[in-house]
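Take a look at the letters that make up each chain.
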Amino acid sequence: MKRYLPLAALLAASLVIPLWVHSPYALHIFILLFIAVATGESWNVIGGYAGQYSVGHAAYYGLGAYGAFILLNKQIPPWFGVWVAVAISVVVALIIGSITFRLRGPYFVLASIAVAEIIRLGALSWKDLTNGAEGILVSDLPPLKLGAHVITDWNSKVPYYYMGLAMALLCILVNVAVKYSKLGYYLQAIREDQDAAHSLGIPLARTKNAGLVISAALTALAGSYAAFYIGFIEPQSAFGLDVSVQLVLICIIGGIGTVLGPMVGAVVLVLLSEALRANLIAQGLFKLGLDETSPTGLFLKENLAHAHVLIYGILVVVVILFMPDGLVGFAAARLRRRK
Amino acid sequence: MSAPLLEVRKVSRFFGGVKANLDVSFQVETGMVLGLIGPNGAGKTTLFNCITGFYPPSRGEIHFAGQRIDGKSPDQVCRLGMARTWQKVRPLAKLSVLDNVVVGALLHTISVRQAREAAREHLRAVGLQARADVLAGGLPIGERKKLEVARVLATRPRLILLDEVMGGLNARESEDLIGLILEIKKRGLTQIVIEHDMKAIVRISDRIVVLNSGEKLAEGTPKEVTSNAAVISAYLGASEGAKA
């Protein structure tokens, strides 16, 4: 129980942050963080415990986003529509799972990418339903009411903050529950050695599908949430390969197959990409005494922000090369060696 | 006489043109240890794979505990009460030794706590209780072989198939495993044992089946088999056999 104390403290802190932090930008960063934690933990269920490296989770993320938006446009309230969207992705996950789980290793990875791309192209072409490449904009979300009492009208980021926190927490708790359950043991056995697992009486297809369904449901939930928060979706931002890759990276950077890993990975990646986007590195160098008007300074000021994707990529490669078990795995190994 | 626990009827397995098994038949009675021997490439492991559901036989039938099992998947076969070890051990490397056995024990319960209790019992039975919290990938070969046996026992099988559990072990470790096999026999479990070491197989087996080039060459008590001229020639080479 002791090892969960820091997490409890973290949770308590996150509950009170909006009481002091009012900057919309800061709250925005926290909300991005919650989305990253939720999606990373979702992927971890099937990618981390079962070792089934799906690079097609954008399928579920996008179905969550599109499902909720399309239903909202058909006058179905979000509080209901979200769960319908989640249910749809669960059904799709079962279909995708029963096809792609016949494949092992790299073939499974490729198949998962292909399926997500097929769905993205579907969203692009089925214009009557999805509005095609123009996407869907939801600008006036109906206020959240309890009876006649308006709880929130969505003008502030605070309700999103708490909803995002609740969602991230749900994904973390599901991870803990899965990891220490029979399903978790079975998924990990499949990851370690599929034939050995099979010979110990583990039904491979059913077990993998159970893991995928949980993973897909949580991913879809996060997709719906993100769509409502941003207020706009289009096929690339919902179903794109970069969405799928992002989920995998969160887990790889943090540490695959651990509950803590996706949280660490989410913090690192969200802060890193925001820092690079806002060109904080160049500004930091200027503060350290680099002349802003010198040729180098001008060059950095001009270009570093544009290169944020490149720098992000280089850092990711460095982590993967030198810490193959992610930051959490690296830290755990260090601690063990010190003992 | 009661029906045999396992009956292999004219089982053949082909890989393209290669006849890995050809019309192999034998029976295993409850409680016995059946030794399965033969030169390298005789088809012993292929036969294990057919019996445990990893390869469907190309021809023939396999009956276990009154049911036809050829064509069933490995997990179905395991749930009927048959479990195997692997010639090349397959520890779940990043799980602890205890958790490896827990995976086996979860076949009969949904409760991880109950499975852990059962797993500790089985670790004690093979003498690995002191290593419970070590990662399975870090065990030396002798202990990995014992872990395979503990994991198999945890599925509470009626029939255990041991694929060269003594392969690569030193004399003392082999002796440990012979003791373990006899101990398991005492509990009334049935075993089929693939082994290269003739001395060991003669000590532990009630009956021995000899495979050669995929076909059954001989079957009988250890004494019958070791004095069989065909077996001697298969093991020692044709000319030696002729002289004998």
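Everything numeric here is computed off the predicted structure, so don't read it as measured data.

Caption draft 1: Region of interest: the overall build of chain B. Scanning chain B from terminus to terminus reveals 10 helices and 10 strands. Relative to the 2.2 N^0.38 estimate, which gives 18 Å for 244 residues, the radius of gyration of chain B is 18 Å and therefore close to what a compact globule would have. Overall, chain B is about 60 × 40 × 40 Å in size when its C-alpha atoms are taken along their principal axes. Counting over 244 residues, chain B shows a buried share of 46%.

Caption draft 2: Looking closely at the overall build of chain A. Each helix and strand in chain A was counted, giving 17 helices and four strands. Relative to a compact globule of 339 residues, whose C-alpha radius of gyration would be 20 Å, chain A shows 21 Å and is just as compact. Considered along the principal axes of its C-alpha atoms, chain A spans approximately 65 × 60 × 45 Å. Buried residues in chain A amount to 41% of all 339 residues. A sequence separation of at least 24 residues applies to 76% of the contacts in chain A between residues at least 6 apart.

Caption draft 3: Main features of the interface of chain B and chain A. The partner chain A presents 16 residues to the 23 residues of chain B that form the contact. For the side of chain B that touches chain A, the secondary structure elements donating two or more residues are helix H2 (74-79), strand S6 (82-84) and helix H3 (97-105) of chain B. By residue class, the composition of the side of chain B that touches chain A is 13 nonpolar, three polar and seven charged.

Caption draft 4: Spotlight on the sheet that holds strand S4 (residues 59-64) of chain B. Residues and elements named next belong to chain B. Spatial strand order, S2-S1-S4-S5: four strands in an open sheet with antiparallel pairing. Each edge of the sheet is formed by a strand with only one pairing partner; in this case those strands are strand S2 (18-28) and strand S5 (67-68). Pairing of strand S1 (residues 6-15) with S4 involves five bridges; the strand directions are antiparallel. Across the sheet, residue Glu-7 finds its bridge partner in S4, namely His-63. Contacting S1, S2 and S4, helix H1 (residues 44-51) crosses the sheet at an angle of about 65° to S2.

Caption draft 5: Quick look at helix H7 (residues 158-179) of chain A. For H7(A), which comprises 22 residues, the first-to-last C-alpha distance of 32 Å matches the rise-based estimate of 32 Å (1.5 Å per residue) to within 8%. Among the structural elements, helix H1 (5-20), helix H2 (24-49), helix H8 (182-192) and helix H10 (204-230) of chain A are those in contact with the buried residues of H7(A).

Caption draft 6: Region of interest: the environment of Leu147(B). All names here are of chain B. Mapped onto the secondary structure, Leu-147 falls in helix H5 (residues 141-154). Sequence separation of Leu-147 and Arg-187 is 40 residues, and the distance between their C-alpha atoms is 19 Å. If sequence neighbours within four positions are ignored, Leu-147 has contacts with Pro-91, Val-97, Asn-100, Leu-128, Ala-136 and Leu-139.

Caption draft 7: The arrangement of the domain arrangement of chain A in detail. Residues and elements named next belong to chain A. Assigned domains of chain A: these are domain 1 (13-257) and domain 2 (278-339). Here domain 1 and domain 2 have C-alpha centroids that lie 28 Å from each other. Between domain 1 and domain 2, the residue contacts involve six residues of the former and eight residues of the latter. Considering only residue class, the side of domain 1 that touches domain 2 consists of four nonpolar, two polar and no charged.

Caption draft 8: Just the domain arrangement of chain B, in detail. Residue and element names in this part refer to chain B. Taken domain by domain, chain B holds domain 1 (1-81 + 158-244) and domain 2 (90-156). For domain 1 versus domain 2, the distance between C-alpha centres works out to 25 Å. Opposite the nine residues of domain 1 that make contact, domain 2 presents nine residues. Counting only elements with at least two residues in the side of domain 1 that touches domain 2, the list comes to H2 and helix H6 (171-186). With three residues, the single largest contributor to the side of domain 1 that touches domain 2 is H6. In terms of residue class, the side of domain 1 that touches domain 2 is made up of six nonpolar, one polar and two charged.

Caption draft 9: Spatial organisation of the environment of Ser215(A). Residues and elements named next belong to chain A. Mapped onto the secondary structure, Ser-215 falls in helix H10. Looking at Ser-215, the number of C-beta atoms within 10 Å reads 32, which means it is buried. Sequence-distant contacts of Ser-215, defined by excluding residues within four places in its chain, comprise Ser-42, Trp-43, Val-45 and Ile-46.

What counts and what doesn't
Counting of residues starts from 1 at the beginning of each chain's written sequence and follows it residue by residue. All chains are assigned letters beginning with A, and all ligands numbers beginning with 1, in the order in which they are written. Totals for whole chains, interfaces and linings use all residues, but because this is a predicted model, local features are given only for residues with pLDDT of at least 70 and pairs of side-chain atoms are given and counted only at 80 or more. In this description a helix means any DSSP run of H or I spanning at least four residues, a strand means any run of E spanning at least two, and both kinds are numbered starting from the N terminus. We compute the radius of gyration from the C-alpha atoms alone; for a globule the expected value is 2.2 Å times N to the 0.38, where N is the number of residues. Counting other C-beta atoms within 10 Å of each residue's C-beta, where C-beta atoms are placed from the backbone, gives the exposure class: buried for 20 or more, exposed for 12 or fewer, partly exposed between. Placing C-beta atoms from the backbone, we regard two residues as in contact once those atoms come within 7 Å. In the scheme used here, Gly and all other residues not listed as nonpolar or charged are polar, with Ala, Val, Leu, Ile, Met, Phe, Trp, Tyr, Cys and Pro taken as nonpolar and Asp, Glu, Lys and Arg as charged. What makes two strands pair is DSSP finding at least two bridges between them. Under this scheme, a helix contributes an axis fitted over its contacting stretch, all axes are lines through C-alpha atoms, and angles between N-to-C directions fall in the 0 to 180 degree range. Expected span of a helix, by definition, is 1.5 Å for each gap between consecutive residues, and there is one gap fewer than residues. Domain delimitation follows an automatic or database domain assignment.

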